[in-house]
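Each chain, written out:
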2 protein chains.
Amino acid sequence: MKVFILGGDGFCGWPTSLHLSALGHEVVIIDNLSRRNIDNELEAGSLTPIQYLGTRLQAWKETTGQEIRFERLDVAQHYHRLLTLIEEERPDAIVHFAEQRAAPYSMKSSAHKRYTVDNNLNATHNVLAAIVESGVDVHLAHLGTMGVYGYGTAGMKIPEGYLPIEVTTDDGEKVRQEILYPPNPGSIYHMTKTQDQLFFAYYAKNDQLRITDLHQGIVWGTHTKETDLDERLVNRFDYDGDYGTVLNRFLMQAAVGYPLTVHGTGGQTRAFIHIRDTVRCIELALETPPERGERVRILNQMTETHRVRDLAELVAAQTGAEVAYVDNPRNEDAENDLHVKNDLFLDLGLEPTTLEGGLLDEVTSVARKYAHRADLSKIPSTSTWTERQKPGVPGEPA
Amino acid sequence: MKVFILGGDGFCGWPTSLHLSALGHEVVIIDNLSRRNIDNELEAGSLTPIQYLGTRLQAWKETTGQEIRFERLDVAQHYHRLLTLIEEERPDAIVHFAEQRAAPYSMKSSAHKRYTVDNNLNATHNVLAAIVESGVDVHLAHLGTMGVYGYGTAGMKIPEGYLPIEVTTDDGEKVRQEILYPPNPGSIYHMTKTQDQLFFAYYAKNDQLRITDLHQGIVWGTHTKETDLDERLVNRFDYDGDYGTVLNRFLMQAAVGYPLTVHGTGGQTRAFIHIRDTVRCIELALETPPERGERVRILNQMTETHRVRDLAELVAAQTGAEVAYVDNPRNEDAENDLHVKNDLFLDLGLEPTTLEGGLLDEVTSVARKYAHRADLSKIPSTSTWTERQKPGVPGEPA
């Protein structure tokens, strides 16, 4: 099939583009290179030596003979170019990664909050409006987040998107309904993903668009089968306080002999998935699109959950690093449980890469190998969730 | 108190500005005049001869001695000017009407969908981000819509914003929760208001902003006590297919001797409120703000519900007009029930103006009085909800 990958130059988008191309699909990457440009803003780059996109595409062609095309455009801003591309190319599917995806970055300042809202909501809505206007029957697969569920459960496994509830009518009768899981986002970034869900529900209902929303856990790992084919195909590895997710931070800290910094009590439970499983899930999602007129297909794209402190202990046990507890910059409960259903992908044939089995390989093949490239001053998170958490605000603990 | 009225030149904003000024509050109107500019686009203006804003403000000063200030700016675009105004003026409250508010307009084309999303979501988010950045303890009162509830109830009165539900845990235990009422918007416009709710919930939780969200029914009526003081203060009356709401269309049609055009079976039930009650509700909402740290205060701002066909019969009975049934341009159920709680405003002292009592006055004092100004070709709605509903699309009824 022909697939557009919006955000196909990013951490998840790039290995997905290679994976789908390797499977024989015709892949067109659409990207505004914003993630590389944010590196310039934050003065923090990928630990791995990622190549310019032109070099990457050339390397892919030399290695496999497959061609991946690239269109540089901003889907949040260049609506008419996007529309024309859909009308002319008539893709079978669009995979939508084209959103600002770091919670700490979305909380850095008012400007970063506003950029995240403006970019993410207009990007998603432009794609939907363009599909309708084009009249092309495209399957849209969107990368959402487990964070829409709000990291809190009332003694039940988080279902895949929809929650069965009972309401009591005015006559005292109990009525069963199934609703979109009530959202409780923990950052501006996560909030935009809960708002995306409302876009999808509306366009699936009003225009019968075929939409899959993948609620993804925190992605770890760097290499996939395809990025391993040539060093010029190497994927990003972010270790900085904004884009580096908790596990990559630990791996980096372990590699350079720093203590692993755990926020608060480390009692936060999070869902995880390896990047190899991400690309496989997208393959599976594209193979099983919803029908026209079906509600949005929501799948939980994660394979295991861990408390942050347990994760730190796991990395410490495998590497000999120490664990250090520091103040939590986020505005969240200190401890939470998280039990998540992921039957849909397991039923489709996903075979998860486990943290236990894959962690040490990440430390040696990525974190230690490229440790000489790291700027250690970038590891701590400097974003805070509220004004009163900023260092130096009087009357409150820093 | 000092109050900013965002969108203070519009149909609800203008009489609200006058009402709050008459009560002795210091009022600053912030508006980009977008509603007047849309008149130019649609080539359809207010039936009543509204004056330029400068003339309106001058008339108010001459009539009452009160001064209302005006700042022309676009809150969706001019964030830093908005921020500076909040920092310098330190308002006690901001009333937020600054959104595109017509469902048919939001469905006219891809460009209109995108404008509505971009304008409404960025406007709301900019206000919230600016309040946080300013550090000023502002009470934000936002005009939402009954349409967030989706015009569908399962045998129960729609509560004021929050729904008590029961979920069954994995141990078979029933757990009670109260959630934001599950949204089911009927247009792009209504969808943006359901997304606004998620902005509010997040900022109330993360930043302890004090927010009131008023879920308003369809507003009817034109004059308030204050707009009656001088003819130059007259309020808008929209009768066109995009901005004219169902009741105003009927009044206009009755005034000029046209049949009242009912969409589909006319079985759609809608909630209504008179503009005099709107301004009183906002007065009451500003007098009873939530505390810091409280969840968003949601009130249903409506006073009665009617089926559209009953409304047509009511107008017909009072005016002698005929009723005509035409195809429904909207994508919605033909018939729906609607029972709504509005105890909160009644408890605060609201005394509703009833349709039965006030309708004929509207026909004589507005529709008949200004009928000579009407362009009757603008009355039919030309927006359709889906491509297949457009006239001339083969294979489907027009």
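Parameters at a glance
Residues numbered from 1 in each chain as written. Chains lettered and ligands numbered in written order. Predicted model: local features only at pLDDT ≥ 70, side-chain atom pairs only at ≥ 80, totals over all residues. Helix = DSSP H or I, 4+ residues; strand = E, 2+ residues; numbered from the N terminus. Rg over C-alpha atoms; globule rule 2.2 N^0.38 Å. Buried ≥ 20, exposed ≤ 12 C-beta atoms within 10 Å, placed from the backbone. Least-squares fit on C-alpha atoms with pLDDT ≥ 70 in both. Contact = placed C-beta atoms within 7 Å. Nonpolar A, V, L, I, M, F, W, Y, C, P; charged D, E, K, R; others polar. pLDDT = per-residue confidence, 0-100. Pairing = 2+ DSSP bridges. Axes fitted to C-alpha atoms, helices over the stretch in contact; angles between N-to-C directions. Core = buried A, V, L, I, M, F, W, Y, C linked by C-beta atoms within 7 Å. Parallel < 35°, antiparallel > 145°, perpendicular 65-115°, else oblique. Left-handed = near helix turned anticlockwise from the far one by under 90°.

## Quick notes on the overall build of chain A
Thought 1: For chain A, the count of helices and strands is 12 helices and 14 strands.
Thought 2: Over its C-alpha trace chain A gives a radius of gyration of 21 Å, about what one expects of a compact globule, namely 21 Å for 398 residues.
Thought 3: Buried positions account for 55% of the 398 residues belonging to chain A.

## Looking at the relation of the copies chain B and chain A
The operation relating the pair of chain copies consists of a rotation about an axis and a translation along that axis.
Thought 1: Overlaying chain B on chain A yields an RMSD of 0.0 Å, the required transformation being a rotation through 180° with an accompanying axial translation of 0.0 Å. The superposition operator between the copies reduces to a two-fold rotation axis.
Thought 2: Here 100% of the contact residues of chain B are again contact residues in chain A; the copies associate through an equivalent surface.

## A word on the interface of chain B and chain A
Thought 1: Tallying the contact residues gives 43 residues for chain B and 43 residues for chain A.
Thought 2: The dominant element in the side of chain B that touches chain A, judged by the number of residues it contributes, is helix H6 (residues 110–134) of chain B, at 11 residues.
Thought 3: The residue makeup of the side of chain B that touches chain A, split by class, is 19 nonpolar, 13 polar and 11 charged.

## Considering the confidence of the model for chain A
Interpreting fine coordinate detail is not advised for predicted regions of low pLDDT.
Residue and element names in this part refer to chain A.
Thought 1: Of all residues in chain A, 97% attain a pLDDT of 70 or more, and the chain-wide mean is 92.
Thought 2: Overall, residues 393–398 carries pLDDT values under 50, and its contacts beyond four positions in sequence, including any with other chains, amount to five contacts.
Thought 3: Interface predicted TM-score (ipTM) for the complex: 0.95; the corresponding pTM is 0.95.

## Points about the sheet that holds strand E11 (residues 269–274) of chain B
All names here are of chain B.
Thought 1: Across the sheet, which stays open at both edges, the three strands sit in the order E9-E11-E13 with mixed pairing between neighbours. Two strands bound the open sheet, and with one partner strand each, they are strand E9 (218–220) and strand E13 (304–307). Between one strand axis and the next, the sheet turns by 45° as a mean value, whatever way the strands run.
Thought 2: Alignment of E9 against E11, held across three bridges, turns out to be parallel. Its bridge partner lying in E11, Trp-220 is registered against His-274.
Thought 3: Its contacts with the sheet put helix H8 (residues 246–255) on E9 and E11, and the angle it makes with E9 is roughly 35°.
Thought 4: Across the face of the sheet, helix H9 (residues 275–287) comes into contact with E9 and E11 while running at roughly 75° to E11.

## Notes on the nonpolar core
Thought 1: Counting 213 residues, the largest nonpolar core has A:Leu6 and B:Leu6 as its most contacted members.
Thought 2: Not counting residues up to four positions away in its chain, the partners in contact with B:Leu6 are B:Ile30, B:Val75, B:Ile94, B:Val95, B:His96, B:Phe97, B:Ala98 and B:Val127.

## Quick word on the environment of B:Ile86
Residues and elements named next belong to chain B.
Thought 1: Position of Ile-86 among the secondary structure elements: in helix H4 (residues 79–89).
Thought 2: C-alpha of Ile-86 to C-alpha of Thr-265: the two residues are 179 residues apart in sequence and 48 Å apart in space.
Thought 3: Setting aside residues no more than four positions away along its own chain, Ile-86 makes contact with Pro-91, Ala-130, Ile-131, Ser-134, Val-136 and Val-138.

## Structural notes on the packing of helix H4 (residues 79–89) of chain A against helix H6 (residues 110–134) of chain A
Residue and element names in this part refer to chain A.
Thought 1: Orientation of H4 relative to H6, taken along the N-to-C sense of each, is 45°, at an axis distance of 9 Å. Judged on the interaxial angle alone, H6 and H4 are oblique. By crossing handedness, the relation of H4 to H6 is classed as right-handed. Contacts between H4 and H6 involve Tyr-79, Leu-82, Leu-83, Ile-86 and Glu-87 from the first element and Asn-126, Ala-130, Ile-131, Glu-133 and Ser-134 from the second.

## Let's talk about helix H1 (residues 13–22) of chain B
Residues and elements named next belong to chain B.
Thought 1: Counting buried positions over the 10 residues of H1 gives nine, a clear majority of the element.
Thought 2: Of all the positions in H1, only Gly-13, Trp-14, Pro-15, Thr-16, Ser-17, Leu-18, His-19, Leu-20 and Ser-21 are classed as buried.
Thought 3: Of the surrounding elements, those touching the buried residues of H1 are strand E1 (2–6), strand E2 (26–31), helix H3 (53–64), strand E4 (93–96) and H9.
Thought 4: With its phi angle positive at about 100°, Gly-24 sits one or two positions after the end of H1.

## Quick look at unusual backbone geometry
Thought 1: Positive phi outside glycine occurs at A:Arg90, with the angle close to 45°.
Thought 2: Looking at the element boundaries, A:Arg90 is found in the loop between H4 and strand E4 (93–96).
Thought 3: For A:Arg90, a count of 13 C-beta atoms within 10 Å gives the class partly exposed.
Thought 4: Of note, B:Gln208 is a non-glycine position whose phi angle comes to about 55°, a positive value.

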